[in-house]
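Survey of secondary and tertiary structure
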Amino acid sequence: MTVPVIGVLALQGDVREHVAALTGAGADARPVRRPGELDAVDGLVVPGGESTTISKLVDIFEMREPIDKRIAAGMPVYGSCAGMIMLAVEVLDGRPDQRGFAGVDMTVRRNAFGRQVDSFEAPVALTGVDGGPFHAVFIRAPWVERVGPDVEVLGRVTDGPAADRIVAVRQGNLLATSFHPELTGDLRLHRHFVELVRASR
Amino acid sequence: MSESAAPTPATAVGTARVKRGMAEMLKGGVIMDVVTPEQAKIAEDAGAVAVMALERVPADIRAQGGVSRMSDPDMIDGIISAVSIPVMAKARIGHFVEAQILQALGVDYVDESEVLTPADYANHIDKWAFTVPFVCGATNLGEALRRITEGAAMIRSKGEAGTGDVSNATTHMRKIRQEIRRLQSLPDDELYVAAKELQAPYELVKEVAEQGKLPVVLFTAGGIATPADAAMMMQLGAEGVFVGSGIFKSGNPAQRAAAIVKATTFHDDPDVLAKVSRGLGEAMVGINVDEIPQPHRLAERGW
C-alpha cells in the first residue's frame, strides 16, 4: 500500500499541527505554498488561520486557479475552521472581497459563535467516524447555515445555545469542519481523510 | 458522549486549549498596531491576521512621554466594529482591572505590555483568572516561562518598541532559542538546577527540554520596520510578527503593511523578498537603541 502525499496550504495558520496529524495518520505530509508544490500532492488540507489573510495570499501568490482546477478534477481537500470558510461557495460576515475556492455548496457564517471569549470545547458526534464523539475545539469558529442537495451533514453541536448548528460536512471528496481536530491529538478525522485520499488515487 | 475519552465538562470556554489554540491560528501572520478604525481597515486590507488597538503607537509614547495607559473603550469599540479580524488591546503590567475592562469589551487577546507604564512593579496579572487569553513580552527563556506560569497563552520577544531598530528583537529571539537548545542538551538530572537558574517551574523546564519549543506560540515584536526585518525574525525562529510603529509611521502604510505580510509568509524565499521590498517609500525614521538612556528602554520593564 503506497503512502499518499498530502499537502497543507502553508500561507498562514496552524500548518505544523496539520502536518503532524497527517504524518501520524500515515500520510507523507508537506507544506504547499507554490503551484509547483501543489502538482506533487494527492490531497490538500486548508488549515485553521485567518480566512481573510489566507484568501488574500491565495490570490497574491496565484494559488487560486491551480487549486480550483485540482478540486474540479476530484482532488480531496479537507478544511478546518478558516479552511472550512475557504471551501464554502458563500460566506456571510466576511469581507466583501473575500472569496473561497470553488468548493462545497454551502453558506458559512464567519465568527458565528462569537468572539474569542466565546471560543469553546464541546463533544461532537460525527457520522462515518467510529469511536465515539469528537472532543471538538472551536476557536472564533464558523458554522454552516445552508447546505446544497449534494452536501452530507456529518456533525452538529449537541447542546448549549448553538445546539443543532452544522459544524461538519462532506461533499464528494471535500471535507470541512468548524473545529480543530489537529489541536487535540485525536487523529481519527485525519485518518478518515487519508483514507479518502488513498481511495481517490 | 460517555464514550468520549476527554474528562472535561460537556462545554467549556476559556480553557488553556482555546486560549493557546487561538495563537496557533495567528501563526505565519502579522499583527499590526492601529490607533483609529481607518488604520484598522488598512491593516485588514493588507492581510493582517489581527490588529492591536492602541491610543498611541510606541514611537509616539516614547516621544511624548508621560504615563501610558489602556486605550479609551470608545476607541477600542470603534476598531472592533470596523474589522472582522481579531482585535487585541494592551493593559499595563500588573493592571488586572484594565484587563477586566478589556475582557468586558470583547477584545480577543490582551497584551500585558511593557510599552505602557507598569502598574505594579512586583506582580504581573494572574492571567488564569480570565476567559480572554493573554500575550506577554519576554527577553529570555526564564521570563517567558514565568509569564506562561502566570497563564500567558502566547509569548512575543520584546525587542525595543517604537525604535525601528531591530537589534533588540534579534537579541531576544536568539537568546530564547539558544536557551531552549541548551535545555535540550542537558541530561535529566541537570534540569533541576536549570529550572532554578531560569527561575521557572521544573515541570515547564522539562517540557521545553523535551519538546524543543515553548508550550505556547512565540512571536516577535519591537523594532520591526521592513519586510526584511520581518523575514529575518521568522528565519530566527519567530512564528509570526507584531509590527508597531513601523507601518503607520512610514511613508506609505498600506503598501508597507502588504509587503510585510508577504515577506512573513515567504520569509525563506529571497526572490519574493527582493520583489516585495521594492518601492516602499520612506521607512519610519527610527532611533538607535544604544542612544536611548537606560531608564527609557521599554524592554527592561517586566521581570
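The structure displayed is predicted, hence computed values, not measured ones. (Residues numbered from 1 in each chain as written. Chains lettered and ligands numbered in written order. Predicted model: local features only at pLDDT ≥ 70, side-chain atom pairs only at ≥ 80, totals over all residues. Heavy atoms only, no water.)

1. Observations regarding the packing of helix 10 (residues 227–235) of chain B against helix 12 (residues 253–265) of chain B
All names here are of chain B.
- Two elements in contact, helix 10 and helix 12, have axes separated by 8 Å at closest approach and are oriented at 25°. By the angle between their directions, the pair helix 10 and helix 12 is classed as roughly parallel. The hand of the helix 10/helix 12 crossing is right-handed. Of the residues in helix 12, those in contact with Pro227, Ala230, Ala231 and Met234 of helix 10 are Arg256, Ala259, Ile260, Ala263 and Thr264.
- Of the residues contributing to the contact of helix 10 with helix 12, the split by class is 7 nonpolar, 1 polar and 1 charged. (Axes fitted to C-alpha atoms, helices over the stretch in contact; angles between N-to-C directions. Helix = DSSP H or I, 4+ residues; strand = E, 2+ residues; numbered from the N terminus. Parallel < 35°, antiparallel > 145°, perpendicular 65-115°, else oblique. Left-handed = near helix turned anticlockwise from the far one by under 90°. Contact = heavy atoms within 4.5 Å. Nonpolar A, V, L, I, M, F, W, Y, C, P; charged D, E, K, R; others polar.)

2. Here we look at the interface of chain B and chain A
- Listed by partner, the interface residues are 49 residues for chain B and 44 residues for chain A.
- In total, chain B and chain A occlude about 3,600 Å² of area from one another, counting both sides; carbon and sulfur atoms represent 56% of this.
- When the buried surface of chain B facing chain A is broken down by residue, Arg17(B), Met25(B) and Phe266(B) rank first, second and third, together holding 19% of it.
- Across the chain B-chain A interface, the total number found is 9 salt bridges.
- Measuring nitrogen to oxygen at the nearest pair gives 3.3 Å for the salt bridge that ties Arg17(B) to Glu121(A). (Buried area = accessible area lost by both parts, 1.4 Å probe. Salt bridge = Lys/Arg side-chain N within 4 Å of Asp/Glu carboxyl O.)

3. A word on the UniProt feature "binding site: L-glutamine" (unreviewed entry) in chain A
- When the UniProt feature table is mapped onto this chain numbering, "binding site: L-glutamine" (unreviewed entry) sits at Gly49(A), Glu50(A), Ser51(A), Arg110(A), Ile139(A) and Arg140(A). Maximum C-alpha separation among the annotated residues is 12.6 Å over a sequence range of 92 residues, consistent with a single clustered spot. Here the residues from the annotation list that line the second largest cavity are Gly49(A), Glu50(A), Ser51(A), Arg110(A), Ile139(A) and Arg140(A).
- Position of Gly49(A) among the secondary structure elements: in the loop between strand 3 (43–46) and helix 3 (51–60).
- Setting aside residues up to four positions removed in sequence, Gly49(A) forms contacts with Gln12(A), Gly13(A), Ile54(A), Ala82(A) and Met25(B).
- Ser51(A) sits in the buried class, given a relative accessible area of 3%.
- Aside from chain neighbours lying at most four places away, what touches Ser51(A) is Ala82(A), Ile85(A), Met86(A), Gln98(A) and Arg110(A). (UniProt positions renumbered as here; feature names shortened; annotations may be inferred. 1 Å grid on protein atoms, 1.4 Å probe; cavity = no way out; pocket = protein on both sides within 12 Å on 5 of 7 lines; lining within 4 Å. Buried < 20%, exposed > 50% of the residue type's maximum accessible area, 1.4 Å probe, protein only.)

4. Here's the deal with empty space enclosed by the protein
All names here are of chain B.
- With the rule as written, the count across this model stands at 3 cavities of 30 Å³ or more.
- Lining the largest cavity are 22 residues, and of these Pro58, Ala161, Ala221, Gly222 and Gly244 lie nearest its centre.
- Those elements that place two or more of their residues in the lining of the largest cavity are strand 9 (241–243) and helix 11 (245–248).
- Looking at the lining of the largest cavity residue by residue, the class counts come to 8 nonpolar, 8 polar and 6 charged. (Points joined across faces, edges and corners; volume = space filled by probe spheres on them.)

5. A few points about the confidence of the model for chain B
Residue and element names in this part refer to chain B.
- Across chain B, the average pLDDT comes to 93, with 97% of residues at 70 or higher.
- The model gives residues 1–8 a pLDDT under 50, and that stretch makes 9 contacts with residues more than four places away or in other chains.
- Confidence estimates for the predicted assembly give a pTM of 0.95 and an ipTM of 0.96. (pLDDT = per-residue confidence, 0-100.)

6. Remarks on helix 3 of chain A
- Most of helix 3 of chain A is tucked away, with 8 of its 10 residues classed as buried.
- Turning to helix 3 of chain A, its buried residues are Ser51(A), Thr52(A), Thr53(A), Ile54(A), Ser55(A), Lys56(A), Leu57(A) and Val58(A).
- In this structure, the buried side of helix 3 of chain A is in contact with strand 1 (5–9), helix 4 (64–72) and helix 5 (82–86) of chain A together with helix 2 (37–46) and helix 12 of chain B.
- Of the residues one or two after helix 3 of chain A, Glu62(A) is the one with positive phi, at around 55°.

7. Describing a negative patch on the surface
Residues and elements named next belong to chain B.
- A cluster of acidic residues, Glu55, Asp72, Asp74 and Asp77, forms a negative patch at the surface.
- By the secondary structure assignment, Glu55 is in the loop between strand 3 (50–53) and helix 3 (58–64).
- Exposure remark for Glu55: the relative accessible area of 44% places this residue in the partly exposed category. (Patch = residues over 30% accessible without salt bridge, like charges linked within 9 Å, V, L, I, M, F, W, Y side chains within 5 Å. Areas by Shrake-Rupley, 256 points an atom, 1.4 Å probe, with all protein chains shown as cover. Lys, Arg positive; Asp, Glu negative; His and termini not counted. Charge placed at Lys NZ, Arg CZ, Asp CG, Glu CD.)

8. Observations concerning helix 1 (residues 16–24) of chain B
- The complete set of buried residues in helix 1 of chain B reads Val18(B), Lys19(B), Gly21(B), Met22(B), Ala23(B) and Glu24(B).
- The secondary structure elements touched by the buried residues of helix 1 of chain B are helix 1 (15–24), strand 7 (120–124) and strand 8 (134–138) of chain A together with strand 5 (109–113), strand 7 (154–157) and strand 8 (217–220) of chain B.

9. Looking at the UniProt feature "domain: PdxS/SNZ N-terminal" (unreviewed entry) in chain B
- Taken from the UniProt record, the annotation "domain: PdxS/SNZ N-terminal" (unreviewed entry) applies to residues 16–221 of chain B.
- For residues 16–221 of chain B, helix accounts for 45% and strand for 16%, while the C-alpha atoms at its two ends are 23 Å apart.

10. Comments concerning the layout of surface pockets
- What the largest pocket holds in volume is close to 700 Å³.
- Around the largest pocket, the lining comprises 28 residues; the ones closest to its centre are Arg16(A), Met234(B), Ala238(B), Glu239(B) and His267(B).
- For the lining of the largest pocket, the secondary structure elements donating two or more residues are helix 1 and strand 2 (28–32) of chain A together with helix 7 (167–185), helix 10 and helix 12 of chain B.
- Looking at which element gives the most residues to the lining of the largest pocket, the answer is helix 1 of chain A, with 3 residues.
- A per-class count over the lining of the largest pocket returns 11 nonpolar, 9 polar and 8 charged.

11. Topic: the sheet that holds strand 1 (residues 12–13) of chain B
- Reading across the sheet, the 3 strands line up as 8(A)-7(A)-1(B) and stay open at both edges, with antiparallel pairing between neighbours. The open sheet has two free edges, formed respectively by strand 8 of chain A together with strand 1 of chain B, since each of these has just one partner strand.
- Most of the contacts of helix 1 of chain B go to strand 8 of chain A, to which it runs at about 55°, and overall it touches strand 7 and strand 8 of chain A. (Pairing = 2+ DSSP bridges.)

12. Remarks on the environment of Val151(A)
Residues and elements named next belong to chain A.
- Secondary-structure assignment places Val151 in the loop between strand 9 (143–147) and strand 10 (152–156).
- When the C-alpha positions of Val151 and Ala25 are compared, they lie 25 Å apart, and in sequence the two are 126 residues distant.
- Discounting chain neighbours no more than four positions away, the residues touching Val151 are Val104, Asp105, Val169, Arg170 and Gln171.

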